[in-house]
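# Structure assessment
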There are 2 protein chains.
Amino acid sequence: MHTLTHFRLCPRSRAIRIALAEIGITPELVEERPWEWRTEFLALNPAGELPVLALEGGLVLCGSYAITEYFAGLLENMQKDGRPAPLFHGSLAERAEQRRLVDWFHGKLNREVTRELLHERVYGHLMGEGGHTPDTEALRAIRTNLRYHLGYVNHLAHERRWLAGDEMSFSDLAAAAHLSAIDYLGEIRWDDHTAAKSWYARVKSRPSFRPLLADRLPGLAPAPVYTDLDF
Amino acid sequence: MHTLTHFRLCPRSRAIRIALAEIGITPELVEERPWEWRTEFLALNPAGELPVLALEGGLVLCGSYAITEYFAGLLENMQKDGRPAPLFHGSLAERAEQRRLVDWFHGKLNREVTRELLHERVYGHLMGEGGHTPDTEALRAIRTNLRYHLGYVNHLAHERRWLAGDEMSFSDLAAAAHLSAIDYLGEIRWDDHTAAKSWYARVKSRPSFRPLLADRLPGLAPAPVYTDLDF
């Protein structure tokens, strides 16, 4: 069995959990708290970053980039039944657009919203007594950035059936992974972004998404909207 | 002719300049100062990030990830003459290692060293009067991180012929792109890292690297070691 080292609300880990489920792989999950910099984890991935997928055969894939491109290479462009592969598919131009958006969500959205929000509201909480207290000024800036990003997702969802085009790709899974972590914390006003809401409802109701909706952090319950499929 | 929008010392732009030269493509270069957030540039790439490659046919590739994977897909695994393709090559496991290292340099090294160093020493300088004055404490932290990363490159260069294995890959170009920007600023003590030095000397002497050695920033001359092939 493959083993995925992840953290429950880490967006890059979540994207890989959904992607693996979409291609029919159920790894064993091992949780890591990346801010602890444990020696054993650094021996697995010297970068100290999540997720890490240890394949049954012994090969260790470190990071979202290496994992997704490994499976994209394995699955190639089209599945045997003629449906588009669930990670990247179509012409080189279409695949470039799918990857541009993955970069947007794992790069820009992460830097400007998800990473900072988790830092302010989750990691400090889990560290307990000695942890970080949320900074009101920082939260205000993060929420301003979030409105901009939701506007962009809304624009894409309004123009296209899926975020990168006609078919679902890893860019949808990456975006949904980030938004799901943010949504757990109750930070999204979905009714202000109706096209994004209807796109997210479609991703959220996929069987691959279900295990994420069951995630709970100790002492930090999800917002009621988080698990509601009809939000 | 293709057009590459770049900034002279931006490491991700540099990596693409070298990669395109390695596959025999000479784009027209257009410089952008990414901190100015110009409307025309944001129309080209709404993420406001470099590099951007506009192909002759009209297709625009935004960001290092979309550009490298576009050409990796175009070139496939092996070149016609049987030599490994210059971006990613070999088995899926070997390509995963090449991509893990690209992620390391464009992710971790960039975040912990290159981006911060350019912020402290270059962008502020180019902004002129109203610009940022280098922060001594920040520079000290960046230099500590740099020693750690040079140690890691040295370890890889000691164990392997190229950083990811027996053949040069995009991971070497990405690493060299970052180190070249840092080296322009005279921040690297090469004699403390002899395996990294001998690997970098090999990359630096490639014809694809030559245009980068001719780069000059207004009012900020490179360290003497920067252009020296026998440093």
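What this report covers is the structure whose coordinates are included nearby.

Conventions we followed
- Residues numbered from 1 in each chain as written.
- Chains lettered and ligands numbered in written order.
- Predicted model: local features only at pLDDT ≥ 70, side-chain atom pairs only at ≥ 80, totals over all residues.
- Heavy atoms only, no water.
- Helix = DSSP H or I, 4+ residues; strand = E, 2+ residues; numbered from the N terminus.
- Rg over C-alpha atoms; globule rule 2.2 N^0.38 Å.
- Buried < 20%, exposed > 50% of the residue type's maximum accessible area, 1.4 Å probe, protein only.
- Contact = heavy atoms within 4.5 Å.
- Areas by Shrake-Rupley, 256 points an atom, 1.4 Å probe, with all protein chains shown as cover.
- Lys, Arg positive; Asp, Glu negative; His and termini not counted.
- Charge placed at Lys NZ, Arg CZ, Asp CG, Glu CD.
- Buried area = accessible area lost by both parts, 1.4 Å probe.
- Salt bridge = Lys/Arg side-chain N within 4 Å of Asp/Glu carboxyl O.
- Polar contact = N/O pair within 3.5 Å; in protein donor to acceptor, adjacent residues only side chain to side chain.
- Nonpolar A, V, L, I, M, F, W, Y, C, P; charged D, E, K, R; others polar.
- Pairing = 2+ DSSP bridges.
- Axes fitted to C-alpha atoms, helices over the stretch in contact; angles between N-to-C directions.
- Disulfide = S-S within 2.5 Å.
- Least-squares fit on C-alpha atoms with pLDDT ≥ 70 in both.
- Right-handed = clockwise from strand over helix to strand, strands pointing away.
- Parallel < 35°, antiparallel > 145°, perpendicular 65-115°, else oblique.
- Expected span 1.5 Å × (residues − 1).
- Core = buried A, V, L, I, M, F, W, Y, C linked by side-chain atoms within 4.5 Å.

### Quick notes on the overall build of chain A
Per the secondary structure count, chain A includes 8 helices and 4 strands. Taken over the C-alpha trace, chain A has a radius of gyration of 17 Å; the compact-globule value for 231 residues is 17 Å, and the two agree within 12%. Per-residue burial for chain A yields a buried fraction of 55% across its 231 residues. Put simply, 65% of the contacts in chain A that link residues at least 6 apart link residues at least 24 apart. Carbon together with sulfur atoms contributes 50% to the accessible area of chain A, which is approximately 10000 Å² in total. Of note, chain A has its 27 positive side-chain charges centred 3 Å away from the centre of its 31 negative side-chain charges.

### Quick word on the interface of chain A and chain B
On the side of chain B, 29 residues touch chain A, which itself brings 29 residues to the contact. Between chain A and chain B, the buried area comes to about 2400 Å², and carbon and sulfur atoms account for 64% of it. Among the residues chain A hides against chain B, the three largest losses belong to A:Tyr65, A:Leu92 and A:Arg99. Together they make up 26% of the total. Run the count over chain A and chain B and you get 2 salt bridges. Among the salt bridges present, the one from B:Glu49 reaches A:Arg111, with a minimum N-O distance of 2.5 Å. Across the contact surface, chain A and chain B share 6 residue pairs in polar contact (both at pLDDT 80 or more). Secondary structure elements with two or more residues in the side of chain A that touches chain B: β4 (60-62), α3 (63-75), α4 (92-127) and α5 (136-159) of chain A. Partitioning the side of chain A that touches chain B into residue classes produces 18 nonpolar, 3 polar and 8 charged.

### Considerations on the sheet that holds strand β3 (residues 52-54) of chain B
Residues and elements named next belong to chain B. Reading across the sheet, the 4 strands line up as β2-β1-β3-β4 and stay open at both edges, with mixed pairing between neighbours. Each having just a single partner strand, β2 (28-31) and β4 (60-62) make up the two edges of the open sheet. Strand after strand, the sheet turns through a mean of 20 degrees between neighbouring axes, direction not considered. With 3 bridges joining them, β3 and β4 adopt antiparallel strand pairing.

### Section: the state of the cysteines
All names here are of chain B. All chains considered together, the criterion is met by 0 disulfides over all chains. Cys 10 takes part in no disulfide bond, and the closest cysteine sulfur, belonging to Cys 62, lies 13 Å away. Its relative accessible area of 9% is what places Cys 10 among the buried residues. Residue Cys 62 is classed as buried on the basis of its relative accessible area of 8%.

### Side note on the relation of the copies chain A and chain B
Mapping between the two chain copies consists of a rotation about an axis together with a translation along that axis. Of the transformation placing chain A onto chain B, the axial shift is 0.0 Å and the rotation is 180 degrees, giving an RMSD of 0.0 Å. Those values place the two copies in the arrangement expected of a two-fold rotation axis.

### Quick look at the pairing of β2(B)
All names here are of chain B. Of the pairings in the sheet, the one linking strand β1 (residues 3-6) to β2 comprises 4 bridges and is parallel in character. Paired with Thr 3 across the strands is Glu 28, a residue of β2. Note that the unit made of β1, helix α1 (residues 11-22) and β2 has a crossover that is right-handed.

### Quick notes on the packing of helix α6 (residues 170-184) of chain B against helix α7 (residues 194-204) of chain B
All names here are of chain B. Running from N to C, α6 and α7 point in directions that differ by 100 degrees, and their axes come no closer than 10 Å. Looking at the two axes, α6 sits roughly perpendicular to α7. Every residue of α7 that contacts α6 at Asp 172, Ala 175, Ala 176, Leu 179, Ser 180 and Asp 183 is listed here: Trp 199, Tyr 200, Val 203 and Lys 204. By residue class, the composition of the contact of α6 with α7 is 6 nonpolar, 1 polar and 3 charged.

### Remarks on α5(A)
Residue and element names in this part refer to chain A. The end-to-end C-alpha distance of α5, which contains 24 residues, comes to 35 Å, matching closely the 34 Å that a straight helix rising 1.5 Å per residue would cover. Of the positions making up α5, those classed as buried are Leu 139, Ile 142, Leu 146, His 149, Leu 150, Tyr 152, Val 153, Asn 154, Leu 156 and Ala 157. Against α4, α6 (170-184) and α7 (194-204) lie the buried residues of α5. Sitting at the head of α5, Asp 135 places a side-chain oxygen 2.9 Å from the backbone nitrogen of Glu 137.

### Observations concerning α1(B)
Here α1(B) is 12 residues long and its end C-alpha atoms lie 16 Å apart, about the 16 Å a rise of 1.5 Å per residue gives. Summarising burial for α1(B): 10 of the 12 residues are buried, a large majority.

### What to know about the nonpolar core
Core analysis: the biggest nonpolar cluster contains 151 residues, and A:Phe71, A:Trp199 and B:Trp199 have the highest contact counts within it. Among residues more than four places away in sequence, those in contact with B:Trp199 are B:Val153, B:Ala157, B:Trp162, B:Leu163, B:Asp172, B:Ala175, B:Ala176 and B:Leu179.

### Description of the pattern of salt bridges
Following the criterion strictly, the structure yields 34 salt bridges over all chains and no others. The residue A:Arg38 makes a salt bridge to A:Glu40 at a minimum N-O spacing of 3.4 Å. On the basis of relative accessibility, which here comes to 34%, the residue A:Arg38 falls in the partly exposed class. The partner of B:Arg115 in a salt bridge is B:Glu116, and the shortest N-O contact between them spans 3.3 Å.

### Side note on the sheet that holds strand β3 (residues 52-54) of chain A
All names here are of chain A. If you trace the 4 strands from one edge of the open sheet to the other, you get β2-β1-β3-β4, paired in mixed fashion. Lying at the two open borders of the sheet, with one neighbouring strand each, are β2 (28-31) and β4. When strand polarity is set aside, the average angle formed by the axes of neighbouring strands in this sheet is 20 degrees. Taken together, the 3 bridges between strand β1 (residues 3-6) and β3 define a ladder with antiparallel strand orientation. Within the sheet, the bridge partner assigned to Leu 4 lies in β3 and is Leu 53. Contacting β3 and β4, α3 crosses the sheet at an angle of about 125 degrees to β4.

Any link to function would need more than the numbers given here.
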